[in-house]
Amino acid sequence: MTTAASVPPDAVERLRGGLIVSCQAYPGEPMRDPRTTAQVARAAVAGGAAGVRVQGLEDVESTSHALDVPVVGLWKHGDADVFITPTLEHAVGIARAGADIVALDGTRRPRPDGLTLVETIRRLRVEVPAVLVMADCGSLDDALAAQVAGADLVGTTLAGYTGERARTTGADLELVAELVGACRVPVVVEGRVHTPDEAAAAMALGAHAVCVGTAITHPTTITSWFARAVQEARSHPGEGAGERDDEH
Ligand SMILES: CC(=O)N[C@H](C=O)[C@@H](O)[C@H](O)[C@H](O)COP(=O)(O)O
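What you see is a predicted model; the values in this text were computed from it and never measured.

1. Topic: the overall build of the protein chain
Piece 1. For the protein chain, the helix and strand inventory stands at ten helices and eight strands.
Piece 2. Over its C-alpha trace the protein chain gives a radius of gyration of 18 Å, about what one expects of a compact globule, namely 18 Å for 248 residues.
Piece 3. The dimensions of the protein chain, computed from C-alpha atoms along their principal axes, are 60 × 40 × 35 Å.
Piece 4. Residue burial in the protein chain is summarised as follows: out of 248 residues, 50% are buried.

2. A short note on the sheet that holds strand E1 (residues 18–23)
Whenever strands of a sheet pair, they do so through backbone hydrogen bonds, lying parallel or antiparallel.
Piece 1. Around the barrel, which closes on itself, the eight strands sit in the order E1-E2-E3-E4-E5-E6-E7-E8 with parallel pairing between neighbours. Geometrically, the sheet is characterised by an average inter-axis angle of 25° between neighbouring strands, direction not taken into account.
Piece 2. Bridge analysis of strand E5 (residues 132–136) against strand E6 (residues 153–155) gives three bridges, and the strand direction is parallel. Looking at E6, one finds that Met134 is bridged to Leu153.
Piece 3. Of the strands in this sheet, strand E2 (51–55) and strand E3 (71–74) touch helix H3 (residues 57–66), which is tilted by about 155° from E2.

3. Re the domain arrangement of the protein chain
Piece 1. Assigned domains within the protein chain: domain 1 (10–217) and domain 2 (219–248).
Piece 2. For domain 1 versus domain 2, the separation of C-alpha centres amounts to 28 Å.

4. Some remarks on the nonpolar core
Note that soluble globular proteins tend to have their nonpolar side chains buried in a common cluster.
Piece 1. Val102, Leu124, Ala146, Val154, Leu179 and Cys183 are the most contacted members of the largest nonpolar core, which totals 40 residues.
Piece 2. With five residues, helix H4 (residues 88–96) is the single largest residue contributor to this core.
Piece 3. Counting 17 residues, the second largest nonpolar core, distinct from the first, contains Ala11, Val12, Ala103 and Val188.

5. Regarding the side chain of Thr37
Piece 1. Summarising the element assignment, Thr37 is placed in helix H2 (residues 34–46).
Piece 2. Each residue touching Thr37, except ones within four places of it in the same chain, is listed here: Cys23, Val54, Asp59 and Thr63.

6. Observations regarding the state of the cysteines
Piece 1. Taken as a whole, this structure holds zero disulfides when the rule is applied.
Piece 2. In this model Cys183 remains outside any disulfide bridge; the closest cysteine sulfur is found in Cys137, 7.6 Å from its own.
Piece 3. Free of any disulfide, Cys211 has its nearest neighbouring cysteine sulfur in Cys23, separated by 8.7 Å.
Piece 4. On the basis of relative accessible area, Cys211 is assigned to the buried category, the value being 2%.

7. Comments concerning the pattern of salt bridges
Piece 1. All chains considered together, the criterion is met by twelve salt bridges.
Piece 2. For the salt bridge of Arg96 with Glu127, the shortest nitrogen-to-oxygen distance reads 2.9 Å. Of this pair, Arg96 sits in helix H4 while Glu127 is found in helix H5 (residues 117–127), placing the two residues 31 residues apart along the sequence.
Piece 3. Judged by relative accessible area, which is 56%, Arg96 ranks as exposed.
Piece 4. Arg125 is paired through a salt bridge with Asp152; the nearest N and O atoms lie 2.5 Å apart. You can see Arg125 sitting in helix H5 and its partner Asp152 sitting in the loop between helix H6 (140–149) and E6, a full 27 residues away along the chain.
Piece 5. Because the salt bridges share partners, they merge into one network encompassing Arg165, Asp172, Glu174 and Glu178.

8. Points about the packing of H6 against helix H7 (residues 173–182)
Piece 1. Where H6 contacts H7, the two axes come as close as 10 Å, and the packing angle between them is 30°. On the basis of their axis angle, the class for H6 and H7 is roughly parallel. Handedness of the crossing formed by H6 with H7: right-handed. Contacts between H6 and H7 pair Leu140, Ala143, Leu144 and Gln147 from the former with Leu175, Glu178, Leu179 and Ala182 from the latter.
Piece 2. A class-by-class count of the residues in the contact of H6 with H7 yields six nonpolar, one polar and one charged.

Each value, and the rule that gives it
Residues numbered from 1 in each chain as written. Predicted model: local features only at pLDDT ≥ 70, side-chain atom pairs only at ≥ 80, totals over all residues. Heavy atoms only, no water. Helix = DSSP H or I, 4+ residues; strand = E, 2+ residues; numbered from the N terminus. Rg over C-alpha atoms; globule rule 2.2 N^0.38 Å. Buried < 20%, exposed > 50% of the residue type's maximum accessible area, 1.4 Å probe, protein only. Pairing = 2+ DSSP bridges. Axes fitted to C-alpha atoms, helices over the stretch in contact; angles between N-to-C directions. Contact = heavy atoms within 4.5 Å. Domains from an automatic or database assignment. Core = buried A, V, L, I, M, F, W, Y, C linked by side-chain atoms within 4.5 Å. Disulfide = S-S within 2.5 Å. Salt bridge = Lys/Arg side-chain N within 4 Å of Asp/Glu carboxyl O. Parallel < 35°, antiparallel > 145°, perpendicular 65-115°, else oblique. Left-handed = near helix turned anticlockwise from the far one by under 90°. Nonpolar A, V, L, I, M, F, W, Y, C, P; charged D, E, K, R; others polar.

Below is the structure:
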């Protein structure tokens, strides 16, 4: 696996300077179907995505078969604080389903199976030796701990969702700058990147890749942005659109 001095693994290298599109539909939503996910992912790749991020065993399976770009897989499970690929069992499942990179909770919080992050990554690599790991972090301290634990990539995915940092409007670019300055592993900017300009700003700070979900692949939320703007324009002519909400 990658170290500061080694050549980055192929999947990490293929994502360098690229856009990762997160293709996720949430429980009960009309687009929650592995075939739909694979189709959305193919459409994203046709538009220039260097990689995709997908959730759940079936979606990882369907998408990894349909595409020739790196697939970042995760498994959201449970209502606890740690819900992104929370246990070793989830991580092994996602790796075996075909993910090139397993994204998992990379915070310093206790994990539901009682393993530490370092134990999780070590044992995952015993089970599935070639797999790479992206640690979804909420702070600089998370990211530093995750790289020591052996993560191949660190992401800002959980910034604003763990209580350590405020939830910024748009990407947490301050954290991006901190991570790029302090981490030797590549940094993926993820979370609330809503416009091409924001994605470019994150890359200009030295990010390895940018991951965009909602603003590309979640039509219900995107529609709500437009619907609210249209409604507000009708109620208050002459005023600009308000802030975007990306809660699902
Ligand atoms: C916090 C959390 O649960 N994040 C999840 C991680 O996979 C997804 O719900 C996000 O859509 C993804 O991170 C991309 O972010 P955004 O949709 O803001 O572009």
